[in-house]
Each structure stands twice: as structure tokens, then as C-alpha cells.
Amino acid sequence: CGGSRLDPELFRSFQRLGFTVYEGYGLTETAPVLTVHRAGDAKAGSVGLPLPNVELDIRNTNLEGVGEVWVRGPSVMGGYLNNDEATREVLSDGWLRTGDLGRLDDDGHLFLTGRSKDLIVTSAGKNVYPDEVEMRYGELPYVKELCVFGLPARDGLGDAVHAVVVIDESTSPEWD
């Protein structure tokens with residue numbers, strides 16, 4: 001499974017049905033696979049372990065160990081054709097800054113948490129990952145759709161977290 005996030009509960013549901021699911025992660029710039037589950041070592045919510053010859057590092061981590069995923073190896077591109085500026089933005093000493101946020105567990109499995117461009121930093125310095133908030137609140141029975149985003153805080157420091165919610169009237173309580 002690859003191409004987009006696999007919900008951990010869906011992963012477990014497939015396992016209960018007897019299906020073996022191997023999840024992976026990669027980018028076009030990395031030809032494309034970087035990590036994948038190994039036989040008998042799949043974890044719900046994880047995109048697996050780095051492939052041989054792929055170095056993976058989590059940089060600029062927060063207190064929860066979440067930071068930007070950087071990768072290096074023979075499958076990483078050498079740069080964007082005729083675009084030195086874009087190349088300099090993503091490549092540093094052979095390391096590719098993926099723009100993805102993640103953490104590693106004690107066994108080296110990668111867990112992706114969002115995109116660095118989507119990160120909301122509040123005026124209190126708290127890092128808020130919209131995908132995580134949307135996942136958590138999107139599970140409420142009366143939420144049909146949910147979008148979490150940041151807007152500049154009134155004090156001018158950081159962002160304030162906002163959400164737009166579409167209520168599922170068929171499951172919601174009566175609204176006055």
C-alpha cells in the first residue's frame with residue numbers, strides 16, 4: 001500500500017480478514033520507494049523501515065520526536081532539471097529534505113505525521129498538525145467533513161488554529 005496514508009484501523013481490519021498488508025513510502029524524487037514493511041514486521045500507522053542503502057534522518061525534532069524527514073542514498077535525485085534554485089531548496093550535501101514530518105519508533109519504523117508546510121505553530125510555541133486534529137475530530141459521529149488550518153494570531157505571534165466543520169444532520173443532535 002502506498003500513494004497516500006493508510007488508516008491504522010483499516011490496516012487492522014485487513015489483518016483480521018487474513019490479508020497481509022505492506023505499507024511503504026517514497027517520493028518521485030527518490031525513484032520512488034524509501035521505506036517499506038518487512039515480512040512479519042508490519043506495524044499499523046507505520047510506513048516501514050528504510051530500504052538497504054537508504055539513510056533516513058529526522059531533523060529539527062520537537063518534544064514528541066517529530067521532525068522533518070531527510071533522506072540520502074543512490075535513489076535520491078541529483079536535482080531538478082534547469083532549476084538550481086529549487087534544487088538548493090531541497091538538497092543539502094546529498095540529503096533530500098522531503099517536506100514530510102515524521103518520527104521513528106525504537107525499532108526504526110517511520111511514522112508520518114504530516115507535511116512541514118501544513119504545520120501550525122501557535123503563539124505559545126505549540127506545534128499543531130492539522131492531519132492529526134482532523135483525524136481525531138473527524139471521528140465524531142456528527143462530523144461529515146472537517147478542515148483544520150492556521151490563521152495569524154491576534155497578538156501577531158504565531159498562528160491560531162481554526163476549523164471549518166460540515167455537520168452530518170442525520171447523526172447530529174437537534175440544533176437550535
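Let me sum up the structure you'll find in this document. Keep in mind it's a predicted model, so treat the numbers as computed, not measured.

## Brief notes about the pairing of strand β4 (residues 55–59)
Side chains of β4 alternate between two faces, with Leu56 and Ile58 buried and Glu55, Asp57 and Arg59 left unburied. When β4 meets strand β5 (residues 67–72), the two strands line up antiparallel, connected through 5 bridges. In the sheet register, arginine 59 faces β5, and the bridge partner there is glutamate 68.

## A closer look at a nonpolar patch on the surface
Residues Leu10, Phe14, Leu17 and Phe19 make up a contiguous nonpolar surface patch of roughly 410 Å² in combined accessible area. Mapped onto the secondary structure, phenylalanine 19 falls in the loop between α1 (8–16) and β1 (24–26).

## Remarks on the pattern of salt bridges
One side chain can pair with another of opposite charge once the charged atoms of both are near each other. Under the counting rule described, the total for this entry stands at 8 salt bridges. A salt bridge links aspartate 7 to arginine 5; the nearest nitrogen and oxygen atoms lie 3.9 Å apart. A salt bridge links arginine 59 to aspartate 57; the shortest N-O distance between them is 2.7 Å. It is possible to trace a salt-bridge network through shared partners that takes in Glu9, Arg12 and Arg16.

## Looking at the packing of aromatic side chains
If you walk through the whole model with that rule in mind, you get 1 aromatic pair. Where phenylalanine 14 meets phenylalanine 19, the ring centres are 6.0 Å apart and the plane angle is 85°; that geometry is what we call edge-to-face. Note that arginine 59 overlies the ring of tryptophan 95, its terminal NZ or CZ placed 4.7 Å from the centroid. Over the ring of phenylalanine 111 we find arginine 103, and its NZ or CZ is 4.3 Å from the ring centre.

## Details of the sheet that holds strand β3 (residues 49–50)
Here 3 strands make up an open sheet; going across it, the order is β1-β2-β3 and the pairing antiparallel. Edge positions in the sheet fall to β1 and β3, since each of these pairs with one other strand and no more.

The rules behind each value
- Residues numbered from 1 in each chain as written.
- Predicted model: local features only at pLDDT ≥ 70, side-chain atom pairs only at ≥ 80, totals over all residues.
- Heavy atoms only, no water.
- Buried < 20%, exposed > 50% of the residue type's maximum accessible area, 1.4 Å probe, protein only.
- Helix = DSSP H or I, 4+ residues; strand = E, 2+ residues; numbered from the N terminus.
- Pairing = 2+ DSSP bridges.
- Patch = residues over 30% accessible without salt bridge, like charges linked within 9 Å, V, L, I, M, F, W, Y side chains within 5 Å.
- Areas by Shrake-Rupley, 256 points an atom, 1.4 Å probe, with all protein chains shown as cover.
- Salt bridge = Lys/Arg side-chain N within 4 Å of Asp/Glu carboxyl O.
- Phe/Tyr/Trp six-rings, centres within 6.5 Å; stacked < 30°, edge-to-face > 60°.
- Lys NZ or Arg CZ within 6 Å of the ring centre and 35° of its normal.

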